[in-house]
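Residue-level listing of the chains:
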Amino acid sequence: MSIEFQNNKFHLFNDTMSYIVEVSRQGDLLHLYFGARVDADDVQPSVKMRGFDCCANDSDAEYSLSALPQEYPSAGASDFRSPAYEIETDNGLHTPELKYKSHEMINGKPPISGLPAVYVENDSEAQTLVITAADEVHGIEVKLYYTVFENFNAICRHSEITNISNPYIYLNNAQSVSLDFPAGAYEYIHLEGAWAREKHIDRNTVHKGTQGFESRRGASGHVENPFLMFFDKGANEEYGNVYGISLIYSGNHRFSMEQEMYETVRVQAGINPFQFRFKLNKGERFVTPEAVMVYSRDGFAKMSNTFHKLYRTRLCRGKWRDKERPILINNWEGTYFDFTKEKLLAIADVASEIGIELFVLDDGWFGKRDNDNCSLGDWYENKEKLGGTLSELAKEMNKRGLKFGLWFEPEMISPDSDLYREHPDWAINVPNVKPHLGRHQLVLDYTRAEVCDYIVERITEILGNANIEYVKWDMNRNMSDVYSLHLDADCQGEFYHRYILGLYDVLDRIITAFPDILFEGCSGGGGRNDPGMLYYMPQNWASDDTDATERLYIQYGGSMVYPASTVGAHISAVPNHQTGRISSLSMRGTVAMNGAFGYELDLTSLGKSELDEMKKQIAFYKNNRHLVMNGAFYRLFNPFTSRHSAWMYVSEDKSKALVYYVVKTARPSNEDVYLKLKGLDENAKYTISGKTQSGRTLMNYGIVINSGEHDGNNMIFEVKRV
Ligand code: GLA
């Protein structure tokens, strides 16, 4: 891997990938190429001037920013496509034009202050290029950061915009990345959804005009995950140029694609400009979140595996990053708010008996909370309901051989809470306007230091006073009525981003103080399943929908970018509480064992045969979780387009694999299914279902399955090299 600067071209490359930026003869930063490895000398931009295009000066009449591919395009300086950033100076100037000033190359990858980002453990893993460009008249300087890795086909990008000389400027838009792709036929996938239906695959053809998706919710959201796959038309799991763009950010985001008149496509990702306006006084700078761009020449699977390994090993952090995750029992769907100490311990007794490792006490243990109407913010244990202290409860769990974990929802405040009665101004709210409630609650104003300090103090006290080894950090509404008493009138446009900075600061303080605790993010399930949260918490509750069939879709979509180690997945009761569907315990297990696995039901209501089956699931998972967490992942059947679903994990040395197969929708007189495995060693022999076969046969001919005629029939195959 290296970064070279020759003939005015920056070439960032590793063995298989190139990214090329040119400093043009007019000093502009042009985007020449991103894709499979090439020789930089041979790559030239098209400088043809056409029709109504503008040019910078008549002596270079062929040169036009209206058509040239750019790295960080400005607004109004003759490029009529979507700008990467927009400013307005104190005297109303708003058409800056950046010109190259200098550059620097750094070994390794510097952290981004206050923001989550991919990191390296050794400077030899990556190199970073920082290009500085400026506009003297508009008084701004922009630094563009690019990191290229030795072992990942990924480029990380972010930018810093500084007000150099104006009394103040407003920054109205600041994208993390802008990429101009050559004229071509493209498609894209985004992960759309809703509460309890997250991360569904939506595949579209890129067409003329602007298209894309965004969040305006103050969180990354259930509706649109901050992730885009942009690819050659017709690409599939194994074929085609694929670019995955993932934004390491938990707030409002926007992904856009603009196919313009010359058929090129400008792709951008970053903070949503919706209600965004950041005031920068002289000398101040704004830092955008990081975007990770993964390139695969060979379809979706390679892209996913690059994201999986990069995020698992160089975004997630802390003691739990590489550790096997404990199998948990969560009491939420088992008891909801209606529990006593006796009930919890009765569940714990069964849990411990069948081999579960962690008991998670969910909502309802604090304040006077017996329903979702009250007490958020009052982070004091309810000793009456708990029949003692949290510390005592934790000890009871520990006695049974279980770790103890606890649920919090620290960003919220209930109008019916002591905290609200004392500090009504700590809630996000427009003065004199009745706020719009979501789940009967309001959001705390994390732009205020005293609010963040209070939360850190409360949580620190609770975590410090009991043996709590796991925390579920929840967030159960999106933001409305956005206004902060703490911000000046002309800084209200900073709110959404400052909230996220406040959140990241709180998370950083807490995880630093409690490095041994395993944290799991949650937001009504997958409302904030984003890479920003993964930097603080190595796993995320994937969805409030625990129905096994629904989870086939949710986990398939999520697997495009997120590794199984980060995906919280539980077996719950039937009929399922979200869909009413009845699926076998075996199917529920086959689906839920693909991530940070657990149970979420009243174990005391089950009979011996179910508990015996669970014991077997638990033993199986314990034997195999290392492979699920760390293996290369391959999607075999797509549940969105097929009536089957299948996927597999392969160990790094290809000596072991696990193959999962589920009949999503049965059909009478069904066909034989040829399940072609992937990622094995062609020349090796493997045992599977008591037979020995070559990797070649397993991948090219496949396993022949007659799947039976029932919804949810399922199989797990263990594959071992002989
Ligand atoms: C959210 C979470 C659930 C549960 C409830 C508790 O909906 O996603 O898992 O913790 O809150 O109120």
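Cut-offs and rules
- Residues numbered from 1 in each chain as written.
- Predicted model: local features only at pLDDT ≥ 70, side-chain atom pairs only at ≥ 80, totals over all residues.
- Heavy atoms only, no water.
- Helix = DSSP H or I, 4+ residues; strand = E, 2+ residues; numbered from the N terminus.
- Rg over C-alpha atoms; globule rule 2.2 N^0.38 Å.
- Buried < 20%, exposed > 50% of the residue type's maximum accessible area, 1.4 Å probe, protein only.
- Contact = heavy atoms within 4.5 Å.
- Areas by Shrake-Rupley, 256 points an atom, 1.4 Å probe, with all protein chains shown as cover.
- Near = heavy atom within 4 Å.
- Polar contact = N/O pair within 3.5 Å; in protein donor to acceptor, adjacent residues only side chain to side chain.
- Nonpolar A, V, L, I, M, F, W, Y, C, P; charged D, E, K, R; others polar.
- Core = buried A, V, L, I, M, F, W, Y, C linked by side-chain atoms within 4.5 Å.
- 1 Å grid on protein atoms, 1.4 Å probe; cavity = no way out; pocket = protein on both sides within 12 Å on 5 of 7 lines; lining within 4 Å.
- Points joined across faces, edges and corners; volume = space filled by probe spheres on them.
- Salt bridge = Lys/Arg side-chain N within 4 Å of Asp/Glu carboxyl O.
- Axes fitted to C-alpha atoms, helices over the stretch in contact; angles between N-to-C directions.
- Parallel < 35°, antiparallel > 145°, perpendicular 65-115°, else oblique.
- Patch = residues over 30% accessible without salt bridge, like charges linked within 9 Å, V, L, I, M, F, W, Y side chains within 5 Å.
- pLDDT = per-residue confidence, 0-100.

Our next topic: the overall build of the protein chain. For the protein chain, the count of helices and strands is 13 helices and 38 strands. For 722 residues, the compact-globule estimate of 2.2 N^0.38 gives 27 Å, and the C-alpha radius of gyration of the protein chain, at 26 Å, lies within 12% of that figure. With the C-alpha coordinates of the protein chain rotated into their principal frame, the extents come out at 85 × 70 × 45 Å. Across the 722 residues of the protein chain, 64% fall into the buried class. Residue pairs in contact within the protein chain that sit at least 24 positions apart in sequence constitute 70% of those at least 6 positions apart. Summed over its atoms, the accessible surface of the protein chain is roughly 26,100 Å², and 48% of this surface lies on carbon and sulfur atoms.

Neighbouring the ligand are 13 residues, the closest being Asp362, Asp363, Arg439, Lys472 and Asp544. Tryptophan 407 is positioned such that a nitrogen or oxygen atom in its side chain is 3.0 Å from an oxygen atom of the ligand. In the model, an oxygen atom of the ligand is placed 2.7 Å from a nitrogen or oxygen of the lysine 472 side chain. In isolation the ligand exposes 310 Å². Once the protein is present, 95% of that is buried. Partitioning the shell around the ligand into residue classes produces 4 nonpolar, 3 polar and 6 charged.

What follows concerns the nonpolar core. With 190 residues, the main nonpolar core has Leu361, Trp365 and Leu603 as its most contacted residues. Top contributing element to this core by residue count: helix H8 (residues 495–513), with 10 residues. Apart from the residues lying within four places of it in its own chain, the contact partners of leucine 603 are Ile329, Ile347, Val350, Ala351, Ile354, Ile356, Leu611 and Met614. Core analysis: the next-biggest nonpolar cluster, separate from the first, contains 24 residues, Leu636, Leu698, Met699 and Ile705 among them.

The final tally for this structure, using the stated rule, is 9 cavities of 30 Å³ or more. As a volume, the largest cavity reaches approximately 220 Å³. What lines the largest cavity is a set of 21 residues, and nearest its centre among them are Gln555, Ser559, Asn594, Phe633 and Tyr649. Elements that contribute at least two residues to the lining of the largest cavity include exactly helix H1 (299–314), helix H10 (548–558), helix H12 (608–630), strand S31 (632–637) and strand S32 (644–650).

So, about the pattern of salt bridges. A complete count under the given rule lists 55 salt bridges for this structure. A salt bridge links lysine 208 to glutamate 263, with the nearest nitrogen and oxygen atoms 3.2 Å apart. Taken together, the residues lysine 208 in the loop between strand S12 (200–205) and strand S13 (209–214) and glutamate 263 in the loop between strand S16 (253–259) and strand S17 (265–271) connect sequence positions 55 residues apart. Residue lysine 208 is classed as partly exposed on the basis of its relative accessible area of 45%. Taking the shortest distance from any N to any O, the salt bridge between lysine 319 and aspartate 516 comes out at 2.3 Å. Of this pair, lysine 319 sits in the loop between H1 and strand S21 (328–330) while aspartate 516 sits in the loop between H8 and strand S27 (518–521), and the two are 197 residues apart along the sequence.

At a minimum axis separation of 9 Å, helix H3 (residues 341–354) and H12 run at an interaxial angle of 55 degrees. Classified by the angle their axes make, H3 and H12 are oblique. Here H3 contributes Val350, Glu353 and Ile354 to the contact with H12, which in turn contributes Leu611, Met614, Lys615 and Ile618. Looking at the contact of H3 with H12 residue by residue, the classes come out as 5 nonpolar, no polar and 2 charged.

Judged by side-chain polarity, Tyr674, Tyr701 and Val704 come together as a nonpolar surface patch covering roughly 300 Å² of accessible area. When you line up the elements, tyrosine 701 lands in the loop between helix H13 (695–700) and strand S37 (703–705). Of the residues examined, tyrosine 701 reaches a relative accessible area of 46% and is grouped as partly exposed.

Attention now moves to the confidence of the model for the protein chain. This prediction gives the protein chain a mean pLDDT of 97; 100% of its residues lie at or above 70. Here S37 is the element of the protein chain with the lowest mean pLDDT, 94, and strand S15 (residues 242–248) is the one with the highest, 99.

Residue valine 574 is joined to proline 575 through a cis peptide bond whose omega torsion reads -10 degrees. Position of proline 575 among the secondary structure elements: in the loop between strand S29 (567–572) and helix H11 (585–592). Even without being glycine, glutamate 263 reaches a positive phi, approximately 75 degrees. On the basis of relative accessibility, which here comes to 37%, the residue glutamate 263 falls in the partly exposed class. At glutamine 275, a residue that is not glycine, the phi angle is positive and equals roughly 50 degrees.

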